[in-house]
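# Notes for the structure review
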Amino acid sequence: MTAAANGNGTAAFVDVRGVHKWFGELQVLDEVDLSVNEHHVVCLIGASGSGKSTLLRCINRLERVEQGEIVVDGQTVTAEKVNVNELRRKIGIVFQAYNLFPHMTVLQNVTLAPRKTRRSSRDEAEAKARLLLRRIGLEDKANEYPDRLSGGQQQRVAIVRALAMEPKLMLLDEITSALDPQLVTDVLALVRELAESGMTMIIATHEMGFAREVADKVCFLDKGQILEEGDPEQIFTDPHEPRTREFLARVLEAEKQA
Amino acid sequence: MHAFHQVAHAFFNPHSFTLALPDVWAGFQVNLHMMVIAEALVLVFALALAIVRGLPGPGAKPLRALAIAYTDFFRGTPIIIVAFFIGFGIPGLQLGYISSRSVVTYGVITLTLVYTAYVTEVYRAGIESVHPSQRAAARSLGLSYAQAMRYVVIPQAVRRVIPPLLNDFVGLQKDTAIVYVIGVTEAASLAQQFSTQNGDFASYVLAAVFFILITIPLARFTDHIVAQREKRERAQAF
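### Side note on the pairing of strand β9 (residues 217-222) of chain A
Residues and elements named next belong to chain A. The element β9 is largely enclosed, with a buried count of six among its six residues. Covered by surrounding structure in β9 are K217, C219 and L221 together with V218, F220 and D222, the residues of both alternating faces. Pairing of strand β3 (residues 41-45) with β9, which is carried by four bridges, proceeds in the parallel orientation. Its bridge partner being in β9, C43 is matched across the sheet by V218. Bridging between β9 and strand β10 (residues 225-230) involves five bridges; their strand directions are antiparallel. Of the residues in β10, the one forming a bridge with C219 is E229. Between β9 and β10, which pair antiparallel one after the other, the connecting turn spans two residues, and K223 there sits at a positive phi close to 50°.

### A look at the sheet that holds strand β2 (residues 26-36) of chain A
Residues and elements named next belong to chain A. Sheet architecture is open: four strands sit in the order β2-β1-β4-β5, paired in antiparallel fashion. Strands at the two margins of the open sheet, each flanked by one partner only, are β2 and β5 (75-76). By the bridge criterion, five bridges tie strand β1 (residues 14-23) to strand β4 (residues 67-72) in an arrangement that is antiparallel. Each residue of the ladder has a partner; that of V16, found in β4, is I70.

### Points about helix α3 (residues 61-76) of chain B
Residue and element names in this part refer to chain B. Over its 16 residues, α3 runs 22 Å from end to end, which matches the ideal 22 Å to within 8%, given 1.5 Å per residue. All of the buried residues along α3 are R64, A67, T71 and F74. Along α3, the residues classed as buried sweep out an arc of 115° about the axis, all on the same side. Turned more than 90 degrees off the buried face of α3, the exposed positions are K61, P62, L66 and G76. Residues of α3 that are buried sit in contact with α2 (14-53), α4 (79-93) and α5 (103-129).

### Some thoughts on the pattern of salt bridges
Tallied over the full model, the rule gives 23 salt bridges over all chains. R17 of chain A serves as the salt-bridge partner of E69 of chain A, at 3.1 Å between the closest nitrogen and oxygen. Here E69 of chain A is found in strand β4, whereas its partner R17 of chain A is found in strand β1, with 52 residues between them in sequence. Classification of R17 of chain A as partly exposed rests on a relative accessible area of 35%. Across the pair R212 of chain A and E233 of chain A runs a salt bridge, and its minimum N-O distance is 3.2 Å. Taken together, the positions of R212 of chain A in helix α7 (residues 208-214) and E233 of chain A in helix α8 (residues 232-237) put the pair 21 residues apart, joining distant regions of the chain. Three or more residues are tied together by salt bridges with common partners; here these are R53, E121, R124 and E128 of chain B.

Procedures and definitions
- Residues numbered from 1 in each chain as written.
- Chains lettered and ligands numbered in written order.
- Predicted model: local features only at pLDDT ≥ 70, side-chain atom pairs only at ≥ 80, totals over all residues.
- Heavy atoms only, no water.
- Buried < 20%, exposed > 50% of the residue type's maximum accessible area, 1.4 Å probe, protein only.
- Helix = DSSP H or I, 4+ residues; strand = E, 2+ residues; numbered from the N terminus.
- Pairing = 2+ DSSP bridges.
- Expected span 1.5 Å × (residues − 1).
- Arc of directions from axis to C-beta.
- Contact = heavy atoms within 4.5 Å.
- Salt bridge = Lys/Arg side-chain N within 4 Å of Asp/Glu carboxyl O.

In structure tokens, the structure reads:
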């Protein structure tokens, strides 16, 4: 009912319509429309402060929107009465700063939410967590505290922590921006693997090469608006909007200098 | 030399020490009893109050206001006046059971009321020092507000506030002597009695030594925790 139809006549998995968001006087999202099909990957690109993170945070209701509607998997996120805890269990989010719980071991970080929200037993949750950790090659770190891990390892644990809830949608908020370049590779490899396994994802990123490679669709945000969206090849090789072109030129220049 | 002998005789007469020891020690056990119970109660009540003060939303506003009024009142009022309120006021109300407790109980209530106000602020500072992103991470995993507090915020907050909290407990331990004003027979009051009878001050010195002796381990424990944290944070910097 609330989900808009896409070109194929099926409902989009994520449907953002006419969303406005202000922080006081500052408008951070301005009439944003975005639809994401199931099993698709959408990358959000744009300068810092363009509204990428805020958009992600609105989708799992860490932020409220002033106007507009967001529907995820048929459920209206922006409705007045919505069980946010229930909703967030099917939407995983990973942050730039990892945000692992420093007082818990890796294993406890990964099993906390499944144990407390799903009522899955400790053994069950731990077995699954170990399986996930093995997948990212960090099973031997299960009993370490996060501060003993490198940034890249911490970020992969954060991804696995979100995956342990078996989300239907993953939101990745500039998850490699805080990492040293040599640590980025492993994190991106994991995200690529997720994309290949059919995970629906919305990824805010500064990694243009990666966006071009994994995205089904790329959206360029500028001053809270989605200024241009389209096929990654088109956006990166033939952007229609002058500001998209400017932005990409600037990023390429910065990458060359780095 | 004469003055020295006078001081030595008035404060450090070995004979007086021996005489005063049984009484002062018996009194000090009352202090110990009060501090242990009051500290346990303060730990629980102060945490509850700190959580209430941090409750979100307009619905919790009356509760928050009540918690603020509590800390304002009991932090602002001299403990000796609170002791009078409780120790003389409650029995004066003639409310049956609650008006017929022992003075030691009223002493414990006084200490608990006052130090709960201090320690609430300590806990609150600790809770606020946990970065909001920790809460966001917990909530975005589908944990409820209460679960995020219980498993993520409070454990980190409590770890951080142990040193200032122990500092307040040193204050509480010393203030167990103040409630002698409502008639609690404890180390300081017995030392005073002995001093009056014996005409010297050795009993005060003895009482002071007892208080210092139990404060020192607490202080060293605090130092140890701070040092450990520094070591850990230095390790993290690499």
